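Examining the three-dimensional arrangement
Take a look at the letters that make up each chain.
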Amino acid sequence: MSTVLSVRGLSKSFGGIRAVDDVSFDLAQGELLALIGPNGAGKSTCFNMMTGHLKPDGGTVSLNGTPITGLKPRRIWRLGVGRTFQITATYASMTVVENVQMALISHHRRVFALRPYAHRLYRDEALELLDLVGMAAQADRACAVLAYGDLKRLELAIALAHAPGLLLMDEPTAGMAPGERAALMQLVADIVAQRQLSVLFTEHDMDTVFAHAHRVMVLNRGRLIAKGPVAHIRADPEVQQVYLGG
Ligand code: ADP
Ligand code: MG
């Protein structure tokens, strides 16, 4: 499998604190890779350096062999790095399908001046994406009335509208009930398999991580203390001590 993302020696300090300390890893095409670690371990800081929202103090990030370190967020996004945010970024006054259409319009660089026709643009493609995330039946509902779990699935459809090769998901299931959480990660795993998408995600719930991730990396105080397949991570004594409380 080809390497989509390659991170080498990534580091970032805030004041005296080394939030991310010499982090290196690869992500292959079609891989669902989890980044776990206690609160404050440096997970979001890692994500922010990969998306261009934070400049690293040192290290490199490469996408399909091309360095993207320090590029502007918009450039990196255009190169095919998608991201879902912890904060819901949907337009509450629009319908579900309109939100996905807006994302498709933006992806295809159509100008906003086309607004009077926007309700027709990319509607079929938007409906296909909603079908993919199991929300076709809610296409014409207003976003404002959606349940939280449905909003999360809509965010996934919006992220997919940009046809990312790599999708970064920082705590995609935050605030969801356990059943909903499992369902969302199952959906992500299905889409990864179906589209050979590469996904890096963070998640607090270990059952969800161990059920779906292909590989797991453990971050503690900015340093990667373990990485490998689920069985390997579960059995690692340092991981059990530092993170799993075992
Ligand atoms: P995680 O996502 O794993 O919970 P973060 O990456 O958010 O961890 O934070 C890692 C460390 O860096 C923490 O000690 C946090 O307080 C610190 N930190 C994160 N962002 C900033 C910032 N913008 N300014 C100062 N300190 C920060
Ligand atoms: Mg975080």
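For the structure itself, look to the data block above.
Below is a summary of the structure that appears in this document. Just so you know, these numbers come straight off a predicted model, no measurement behind them. (Residues numbered from 1 in each chain as written. Chains lettered and ligands numbered in written order. Predicted model: local features only at pLDDT ≥ 70, side-chain atom pairs only at ≥ 80, totals over all residues.)

**What about the sheet that holds strand S4 (residues 58-63)?**
- Strand order in the open sheet formed by four strands is S2-S1-S4-S5, and the pairing between neighbours is antiparallel. The open sheet has two free edges, formed respectively by strand S2 (17-28) and strand S5 (66-67), since each of these has just one partner strand.
- Bridge count for strand S1 (residues 3-14) against S4 is five bridges, and the pairing is antiparallel. When the bridges of S4 are listed, Leu5 appears paired with Leu63. (Pairing = 2+ DSSP bridges. Helix = DSSP H or I, 4+ residues; strand = E, 2+ residues; numbered from the N terminus.)

**Observations concerning the site of ligand 1**
- In the vicinity of ligand 1, the contacting residues are Phe14, Ile17, Ala19, Gly37, Asn39, Gly40, Ala41, Gly42, Lys43, Ser44 and Thr45.
- Looking at the shell around ligand 1, the elements that each hand over two or more residues are S2 and helix H1 (43-50).
- For the shell around ligand 1, the element with the highest residue contribution is H1, accounting for three residues.
- Residue composition of the shell around ligand 1, grouped by class: four nonpolar, six polar and one charged. (Near = placed C-beta within 6 Å. Nonpolar A, V, L, I, M, F, W, Y, C, P; charged D, E, K, R; others polar.)

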